[in-house]
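So the chains spell out like this:
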Amino acid sequence: MGRYRIGVATGAWLFSGSHNRVQLWLVGARGEARLELRLRPARGQEEEFERDVPKDLGPLQFVKLRKHHSLVDDAWFCDCITVRGPGACEEATFFPCYRWVQGQDVLSLPEGTARLAGDNALDVFQKHREKELKERRRLYCWATWKEGLPRTIAAERQDDLPPNSRFHEEKRLDFEWALKAGALETVLKRVYTLLSSWSRLEDFDQIFWGQKSDLAERVHRCWRDDELFGYQFLNGANPMVLRRSASLPSRLVLPSGTEALGAQLERELQSGSLFEADFSLLDGIPANVIRGEKQYLAAPLVMLQMRPEGKLLPVVIQIQPPSPSCPAPPLFLPSDPPLAWLLAKIWVRNSDFQVHQLQYHLLSTHLVAEVIAVATMRCLPGLHPVFKLLIPHIRYTLEINTRARSQLISEGGIFDKAVSTGGGGHVHLLRRAMAQLTYRSLCPPDDLAARGLLGIPSALYAHDALRLWEIIARYVQGIVRLFYHRDDVVRGDPELQAWCREITEVGLCQAQDRG
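Residues numbered from 1 in each chain as written. Predicted model: local features only at pLDDT ≥ 70, side-chain atom pairs only at ≥ 80, totals over all residues. Heavy atoms only, no water.

### Points about the sheet that holds strand E2 (residues 20-28)
Inference 1: Sheet architecture is open: four strands sit in the order E3-E2-E5-E8, paired in antiparallel fashion. Lying at the two open borders of the sheet, with one neighbouring strand each, are strand E3 (31-39) and strand E8 (107-110). Averaged over all pairs of adjacent strands, the angle between their axes in this sheet comes to 20°, without regard to strand direction.
Inference 2: Where strand E5 (residues 60-67) lies against E8, four bridges are found, and the strand directions are antiparallel. Considered in E8, the bridge of leucine 65 is made with leucine 107. (Pairing = 2+ DSSP bridges. Helix = DSSP H or I, 4+ residues; strand = E, 2+ residues; numbered from the N terminus. Axes fitted to C-alpha atoms, helices over the stretch in contact; angles between N-to-C directions.)

If you want it as structure tokens, here you go:
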């Protein structure tokens, strides 16, 4: 009984009139009160209201919301509700929402303190968890995009996604503007070069204008240099392939006349300064046909040496592994004619692009994250501490992946039109990469140790990855240990166990048997 102060944080309105009527119920342990609020059509702001309630509600457990239905269904994205009660209850009670409120349904928001299923002293919270998960399992269903690959959300297009998984307007406009700006720049460059013939490498300068950076300028100046070529394996866009050699690769066949090269490789191997980047994953992948023109794929091997000053330099490049038709493939050396050596390095970079985009970006980032996102929505209620940890980081995962499947890697999509692994080769490569995917490969400390890249001063990606991992781990462990004091608590959490099974057995297709 007394005056309540209510704060309403609005994230967005789909449409907006001059004011928007919202019914709000305060539900406490000893009763509930219905209030009516008129919200201004403001985005990203919090409004405060004061209302008198003539009865004692007790400790607040839920806030319920219903938006007044108008001729236009003006959906309202509510970030959160805070309530400050009278007297001794002056401390704010927080009710997170972060969902769209629309239609005639009443949305029930529990008080925001994280709880495990077994920790619910009040049965009303357990009933809320069960009802919430039942509804989520109806909305978030699994689908199979391609056999042998991680499962996905059941959505053909982004419009098929649940509203709470869609881009906010600001995010959508930013994303679509970036796409349009990139397309416009490509068209302008095409028009600019339409009548010009390209006969020298320098002619590529005709398309390198527009957005620039210091790094882009450096790459433009030095892209032919062996030093930058090696540096990119350590610290470039794809630092995931390089590893320290434990032995000479079996595919590296040294023909007669290369005894000096063999001796050099053995010396580097013995001193621990020999490294390799092996793209065998691409061997035998069918190449695309673009506008009637057959494309080509290499599956190269690069052997590199780490110099005492920290420079990583290529020693030899093999473009394709041995085959019955070519048991001793040609080797390319820094001493070869400059354009032959440069062409070999270009083929390596082409292969690096394919593996980076498909294995490490699409599979290990997007598709694995989507499995975790769908499993989280199906298995963990909003009160679960792991849900609260993850939900900010999977906010837009489902829409960006659905857009990719319908526009980028779909039949007739950008990969089919422009990339040499398009036309089906990308799916073959993803299946091979999926067979190699393990939990440890996703954890930088384990991955870097397995590849022998710890303790290298010039491995800047490794240093940064480990520092970020330590920061994230310290935060996550600090939160998780508040709820999971012992292993038996982990085993005894039915929601967490269901989540783990959903990820490994369902989303990742029995991955528990593959490490």
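Once the structure has been displayed, the description carries forward.
### As for the sheet that holds strand E4 (residues 45-53)
Inference 1: Taken in spatial order, the four strands make up an open sheet running E4-E1-E6-E7, and their pairing is antiparallel. Edge positions in the sheet fall to E4 and strand E7 (92-101), since each of these pairs with one other strand and no more. Strand after strand, the sheet turns through a mean of 20° between neighbouring axes, direction not considered.
Inference 2: Pairing between strand E1 (residues 2-13) and E4: nine bridges, direction antiparallel. Counted as the bridge partner of glycine 2 is valine 53 from E4.

### Describing the UniProt feature "binding site: Fe cation" (unreviewed entry) in the chain
Inference 1: On the UniProt side, "binding site: Fe cation" (unreviewed entry) is annotated at positions that read His361 and His366 here.
Inference 2: Here histidine 361 shows up in helix H6 (residues 338-379).
Inference 3: Relative accessible area serves as the criterion here: at 29%, histidine 361 is assigned to the partly exposed category.
Inference 4: Within the secondary structure layout, histidine 366 lies in helix H6.
Inference 5: Excluding residues within four positions of it along the chain, histidine 366 makes contact with His361, Ile400 and Asn401. (UniProt positions renumbered as here; feature names shortened; annotations may be inferred. Buried < 20%, exposed > 50% of the residue type's maximum accessible area, 1.4 Å probe, protein only. Contact = heavy atoms within 4.5 Å.)

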